[in-house]
Amino acid sequence: MGFRDVQREQTDYFAFHRMGRASAWSRQKRREAIHNLEFPRQRPARWPGFGPPPPHHLHPGRHTFREPEPYRKSQEDEKKEGPSTGVQRRARRLERLLAQEGMRFEKVLGWGGFGMACLFSMSSGEKVVVKIELEGRDTIEKERRNYELMRDAHHVLHMYNLAAEEAIEESDLAAGGLFLEFMERGTLEKWIVKMAKERKTFSDRALWTIFDCLVHGLVALAYPGTKWRAEESARDFNESPRDTMVHFDIDPTNLLVGGFGTFGQRTHAVAPIHKIGDLGLGEIFNFRARRETERVWYARQSGKAYLYTPEQFTEEWDWHIAAPASEGAPTAGNYRESMNLWQMGWTMYALITLCWPNEKKEPFVYASRVFDRPVKDATYGGDLLYSGRYDDTDRDLRRVVAQCLYHSPLSRPTLRELEVHIRDKLRTRLNNTEEEARAWAKRFYGEPERRRPAPPPAPARERWNMGAHHPIRFGGAARARFGQVFSNESILDLERVRRRRADEDHRPVIRRQPQPRRFWRD
């Protein structure tokens with residue numbers, strides 16, 4: 001299939017996607033229509049925009065917006081029946097391999113089309129997640145590079161650079177493995193489902209606190225490679241991000257919930273710390289990358305279909321053969337930090353509504369002031385403001401989330417604006433005090449663990465990318481087996497990392513994501 005055929009196919013698929021019929025699209029059935037598709041469009045000369053709002057949008061209310069489908073069960077609930085035979089076989093081989101390194105297998109945490117994650121315990125009691133590929137797609141190396149860029153971030157999952165990964169690389173299990181931080185409270189999706197089953201809602205203070213946590217994670221993605229001395233803050237920079245890591249897959253299943261306590265210089269008492277995980281699809285996009293035609297077009301279908309962003313699904317693409325940003329398109333292909341914010345906006349939408357977004361996104365023209373500037377653009381969160389279903393939640397929070405879901409990237413708030421506004425908001429009373437919110441958190445999430453006191457500062461090499469965790473070491477049996485591969489600190493040799501990265505082919509990994517299961521109504 002030639003590249004022009006790929007463009008035609010994507011154009012046809014996203015026409016179905018905008019109509020809310022993506023699940024009905026079939027390449028085989030649409031083959032003739034794709035062949036005869038006019039691409040690029042000639043009339044009109046450019047995308048005309050959304051046009052005048054329909055009559056029912058002039059006086060919006062409950063019946064203006066289709067009610068979304070509530071959360072009923074999480075992916076973790078669906079996988080309780082156990083992994084497939086192939087996954088179990090890989091898990092047993094991984095268990096035997098790492099038992100020789102002093103690691104005890106606990107359970108399989110999850111699996112998918114590309115890899116699986118298992119939980120292991122160290123002799124010291126520390127828990128670590130081991131992630132391996134199930135198929136040789138070279139995604140582990142890409143994900144490792146992305147985690148290395150996030151090594152000093154507090155609100156992105158930490159990667160342990162352990163020499164034991166050599167044991168996996170030298171086996172025939174997969175192309176390599178990742179050793180990741182274990183988040184004891186699982187995915188954010190699990191807690192949304194728990195709240196939905198209890199038929200309750202998150203308090204305003206809890207929502208603002210979680211939002212604050214997630215925004216700090218977005219700042220880390222916006223400025224990859226930064227050595228954060230305290231917490232991630234956009235106020236540390238005088239200019240907009242240039243080399244943003246676009247995640248492509250931010251949703252409640254890839255946001256992890258940890259413990260209470262102090263991380264960096266921030267205390268998490270009202271809600272546990274939340275971190276961004278699964279950087280396997282993440283790519284660095286800057287001014288030059290946004291003008292690379294093939295890279296931008298292939299990234300258009302990166303991620304889950306139900307969370308494609310306006311930068312991916314907008315009809316504006318139909319007028320462009322090259323990279324849309326190189327031809328002045330304001331939305332199509334403009335992969336920036338605001339794209340991560342749009343997906344995070346849907347996570348906040350889920351926390352407020354306890355529902356999945358509808359398959360058909362409903363643009364609603366909404367005029368507002370985004371902090372100090374007037375904006376009139378289509379938002380996909382109009383039901384937060386006008387349906388009347390969520391009036392018990394702080395209107396200011398619903399307004400900000402609706403602004404995060406604006407169609408145009410330039411209409412959305414900046415990370416600096418959000419950071420300042422959330423900080424000021426948390427200083428007000430909201431609908432409960434901080435003491436009341438802490439008591440609620442203990443009841444909902446469980447009693448906070450007693451955390452061990454932080455160890456004294458270690459040498460820089462030993463602390464590299466280990467966050468606030470104690471260094472994980474391996475005994476003499478492992479070093480005897482692999483000789484010079486293991487250093488005394490059991491930390492991956494940085495020179496070997498640099499050599500490996502220098503020899504790699506840095507072309508983008510181009511692949512189609514499998515379509516997720518349906519959560520919407522017919």
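Residues numbered from 1 in each chain as written. Predicted model: local features only at pLDDT ≥ 70, side-chain atom pairs only at ≥ 80, totals over all residues. Heavy atoms only, no water.

- With an unreviewed UniProt entry as reference, the protein chain is termed Kinase-like domain-containing protein, source organism Neurospora intermedia.

Some words on the sheet that holds strand β5 (residues 177-181)
- One open sheet accounts for five strands, arranged β1-β2-β3-β5-β4; its pairing is antiparallel. With one partner strand each, in any of the chains shown, β1 (104-111) and β4 (159-160) form the two edges of the open sheet.
- Lying over the sheet, helix α5 (residues 139-149) contacts β3 (127-133), β4 and β5, oriented at roughly 35 degrees with respect to β5. (Pairing = 2+ DSSP bridges. Helix = DSSP H or I, 4+ residues; strand = E, 2+ residues; numbered from the N terminus. Contact = heavy atoms within 4.5 Å. Axes fitted to C-alpha atoms, helices over the stretch in contact; angles between N-to-C directions.)

What to know about the pattern of salt bridges
- In this structure the tally under the stated criterion is 28 salt bridges.
- A salt bridge links R423 to D424, with the shortest nitrogen-to-oxygen separation between them at 3.4 Å.
- Judged by its relative accessible area of 35%, D424 falls in the partly exposed class.
- Through salt bridges with shared partners, a single network forms among R18, R41, E315 and D318. (Salt bridge = Lys/Arg side-chain N within 4 Å of Asp/Glu carboxyl O. Buried < 20%, exposed > 50% of the residue type's maximum accessible area, 1.4 Å probe, protein only.)

Looking at helix α15 (residues 434-445)
- Helix length check: α15, at 12 residues, gives a terminal C-alpha distance of 16 Å against a target of 16 Å (1.5 Å per residue), a fit within 8%.
- Within the sequence span of α15, burial applies to A437, W440, A441, F444 and Y445. Seen along its axis, α15 keeps its buried residues to an arc of 105 degrees; they face one direction. Within α15, the exposed residues directed more than 90 degrees away from the buried face are E435 and R443. (Expected span 1.5 Å × (residues − 1). Arc of directions from axis to C-beta.)

Digging into the environment of W346
- Here W346 lies in helix α11 (residues 337-353).
- Residues W346 and P252 lie 94 residues apart in sequence; the distance between their C-alpha atoms is 9.1 Å.
- The contacts of W346, once residues within four sequence positions are left out, are L307, P357, K361, Y380 and L405.

Concerning the side chain of R412
- Here R412 shows up in the loop between α13 (395-404) and α14 (415-426).
- Of note is the side chain of R412, whose polar atom sits 2.8 Å from the side chain of E311.
- For R412, the side chain forms a polar contact with the main-chain oxygen of Y406, separated by 2.8 Å.
- Discounting residues that sit within four places of it in the chain, R412 has contacts with P310, E311, S338, M339, L341, W342, V370, R373, Q403, C404, Y406 and H407. (Polar contact = N/O pair within 3.5 Å; in protein donor to acceptor, adjacent residues only side chain to side chain.)

Details of the packing of helix α8 (residues 204-222) against α13
- Direction vectors running N to C along α8 and α13 enclose 35 degrees, while the axes themselves pass 11 Å from each other. Crossing of α8 over α13 shows left-handed handedness. Of the residues in α13, those in contact with L207, W208 and F211 of α8 are D396, L397, V400 and C404.
- A class-by-class count of the residues in the contact of α8 with α13 yields six nonpolar, no polar and one charged. (Left-handed = near helix turned anticlockwise from the far one by under 90°. Nonpolar A, V, L, I, M, F, W, Y, C, P; charged D, E, K, R; others polar.)

Things to note about α14
- For α14, with 12 residues, the first-to-last C-alpha span of 16 Å sits near the 16 Å given by 1.5 Å per residue.
- Of all the positions in α14, only L415, E417, L418, E419, H421, I422 and K425 are classed as buried.
- The inward-facing, buried residues of α14 contact α8, α11, β12 (364-370), β13 (373-379) and α13.

Some points on the packing of aromatic side chains
- Counting across every chain of the model gives 33 aromatic pairs.
- Look at F39 and W297: their rings are 5.8 Å apart centre to centre, the planes differ by 90 degrees, and that puts the pair in the edge-to-face class. Here W297 lies in helix α9 (residues 293-298) and F39 lies in the loop between α2 (31-35) and α3 (75-78), a separation of 258 residues in the sequence. Each of the two residues, F39 as well as W297, counts as buried.
- Judged by centre distance (5.8 Å) and plane angle (75 degrees), the rings of W228 and F237 are edge-to-face. Exposure class is identical for W228 and F237. Each is buried.
- Ring pairing ties together the aromatic residues W191, F202, F260, W440, F444 and Y445, which thus form one cluster.
- The aromatic ring of F285 is capped on one face by R295, whose charged end is 4.6 Å from the ring centroid.
- When the ring centre of W346 is taken as reference, the NZ or CZ atom of K361 above it lies at 5.9 Å. (Phe/Tyr/Trp six-rings, centres within 6.5 Å; stacked < 30°, edge-to-face > 60°. Lys NZ or Arg CZ within 6 Å of the ring centre and 35° of its normal.)

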